[in-house]
Amino acid sequence: MLIKIFLIIVFFAVTIGIGLYCRKHAANVGNFVLGGRNVGPWLTAFAYGTTYFSAVVFVGYAGQFGWSFGISAVWIGIGNALLGSLLAWIILGRRTRVMTKHFDSATMPDFFAKRYDSSALKTIASVIIFIFLVPYSASVYKGLSGLFAMAFHIDFIYCIIGMALLTAAYVVLGGYMATAINDLIQGVIMLAGIVAVVSCVLNAKGGLTAAMESLSQIQSETSPQLNGAFISFFGPDPLTLLSVLVLTSLGTWGLPQMVHKFYTIKDDRSIKTGAVISTLFALMISGGSYFMGGFGRLFYTPGADGVKFDDIIPTMLSETLPDVLIGVVLLLVLSASMSTLSSLVI
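Residues numbered from 1 in each chain as written. Predicted model: local features only at pLDDT ≥ 70, side-chain atom pairs only at ≥ 80, totals over all residues. Heavy atoms only, no water.

A. Inspection of the nonpolar core at higher detail. Among the nonpolar cores identified, the biggest contains 61 residues, and Phe58, Met292 and Phe295 are the most heavily contacted of them. Looking at which element gives the most residues to this core, the answer is helix H12 (residues 268-293), with 9 residues. Val140, Leu166, Ala180 and Leu330 belong to the second-largest nonpolar core, a separate cluster that totals 28 residues. (Core = buried A, V, L, I, M, F, W, Y, C linked by side-chain atoms within 4.5 Å. Buried < 20%, exposed > 50% of the residue type's maximum accessible area, 1.4 Å probe, protein only. Helix = DSSP H or I, 4+ residues; strand = E, 2+ residues; numbered from the N terminus.)

Okay, structure coming up:
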């Protein structure tokens, strides 16, 4: 417990410290919201990736789709990397940067208003964002609750309050630059964490080959006639898998907190570099999360109430990870969640 508390305190201190350091970059509205439109490729790529993948992906989606599709859920991660990241950078990156700079717009509703000369469109876009990002934010908080309950045995309401206060503090202090620098640090934590977690999960079942063999013995409820459905190439339900892949990959193209990253990048060269970095990051984080979730059936047994998807990943981790790595996973999920929440606030 002391190790976990220590790691959380260090994480909070670094986060607030970066907010204080970036105060000079938030002297006016343009710098506060856009970082002066002079943000480099590494910061932008990690900001895009960490905003894309929150606790929702690591805890909720990985548990649910890993349970439903087995190892083939990795295709969702590959789709997220190629369609949700690489293609978005290619199609939207340069065009968004050029057009928003031309119209001197800082937000998506502001861009719509100036591009189409319509104040009504600005109002409609603002209302849509305001309404639908509330449940989106709630799902991010929900993803944290299971892991914090497992690690600290506290009600997740206290986690929500702490997260909200911390996120508000460094966003208000340092604006977009504070979130971008924190996203880079948080992204590195996420990469290290996902590698450690996947390794521990596989080792707990005797390695990759033994885990795959055990998973192959489980029959699918939707395709009982298919032997080894959960280790097959396209899983027990390929059409549903394809629909989830498209939804989680192309749906992000319209999220204002994602598109906003292209407003801030400094030049065309940075967009090309950022696209590569962002794609590799997405492949590791999303692919690793869904790969890990594919083994959920080896660790989780449904109760009388049926399968609770948000409990699958916490159960896996509680059975396989030592305390130090549970602390790392907490930082991983905190990083994923705070990067998304800070982008939602901006």
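B. Up close: the packing of aromatic side chains. For the structure on display, the rule yields 18 aromatic pairs. When the ring of Phe103 is compared with that of Phe111, the centres are 6.1 Å apart and the planes differ by 75°; the resulting orientation is edge-to-face. For Phe103, a relative accessible area of 22% corresponds to the partly exposed category. Chaining the aromatic ring pairs together yields one cluster made of Tyr48, Tyr52, Phe53, Trp89 and Phe262. Sitting over the ring of Trp67, Arg297 keeps its end group 4.2 Å from the ring centre. (Phe/Tyr/Trp six-rings, centres within 6.5 Å; stacked < 30°, edge-to-face > 60°. Lys NZ or Arg CZ within 6 Å of the ring centre and 35° of its normal.)

C. Representation of the side chain of Asp110. One can find Asp110 in helix H6 (residues 108-115). Assessed through its relative accessible area of 13%, Asp110 is described here as buried. Asp110 has contacts with Asp104, Ser105 and Lys122, leaving out every residue within four places of it along the chain. (Contact = heavy atoms within 4.5 Å.)

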